[in-house]
Amino acid sequence: MKETETKIISLLKELNYKEVIINNTVVYTSEGKYLKLTFISGLKSFVLEYADSYDEAEKNLFEDADLFPLTMDEAELILEIQRNY
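Below: a short report on this structure. Fair warning: this is a prediction, and the values are worked out from it, not measured in the lab.

### Considerations on the pattern of salt bridges
Move 1: This model, assessed by the stated rule, comprises 7 salt bridges.
Move 2: Measuring nitrogen to oxygen at the nearest pair gives 2.8 Å for the salt bridge that ties Lys-7 to Glu-3. Here the residue Lys-7 and the residue Glu-3 both occupy positions in helix α1 (residues 2-14), the gap between them amounting to 4 residues, near one helical turn.
Move 3: Looking at Lys-7, the relative accessible area reads 28%, which means it is partly exposed.
Move 4: Classification of Glu-3 by relative accessible area gives exposed; the value is 55%.
Move 5: Residue Lys-36 pairs with Glu-49 through a salt bridge whose shortest N-O separation is 4.0 Å. Taken together, the residues span a long stretch of sequence, with Lys-36 in strand β3 (residues 33-40) and Glu-49 in strand β4 (residues 45-51) at a distance of 13 residues. The pair Lys-36 / Glu-49 is uniform in exposure class, with both members buried.
Move 6: Salt bridges sharing common partners tie together Glu-3, Lys-7 and Glu-74.

Basis of the calculations
Residues numbered from 1 in each chain as written. Predicted model: local features only at pLDDT ≥ 70, side-chain atom pairs only at ≥ 80, totals over all residues. Heavy atoms only, no water. Salt bridge = Lys/Arg side-chain N within 4 Å of Asp/Glu carboxyl O. Helix = DSSP H or I, 4+ residues; strand = E, 2+ residues; numbered from the N terminus. Buried < 20%, exposed > 50% of the residue type's maximum accessible area, 1.4 Å probe, protein only.

Okay, structure coming up:
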């Protein structure tokens with residue numbers, strides 16, 4: 001699980017997302033978009049949630065975006081994130 005999380009975070013940073021703290025939560029931002037990476041244990045998956053502005057992120061108004069199960073192939077995961085973010 002931690003390995004997948006590390007890979008997703010590294011990829012976001014490669015895509016020029018910067019890590020910021022909003023309301024004691026790590027959020028990644030680029031070009032006015034805010035992403036939050038959350039692990040959902042019941043689904044054994046990571047989900048990238050997004051907010052379209054700082055104001056939405058500050059109010060925790062994130063929308064679910066993409067689900068990345070732990071069983072997902074690493075190359076597929078990287079391609080999916082690169083394609084969508």
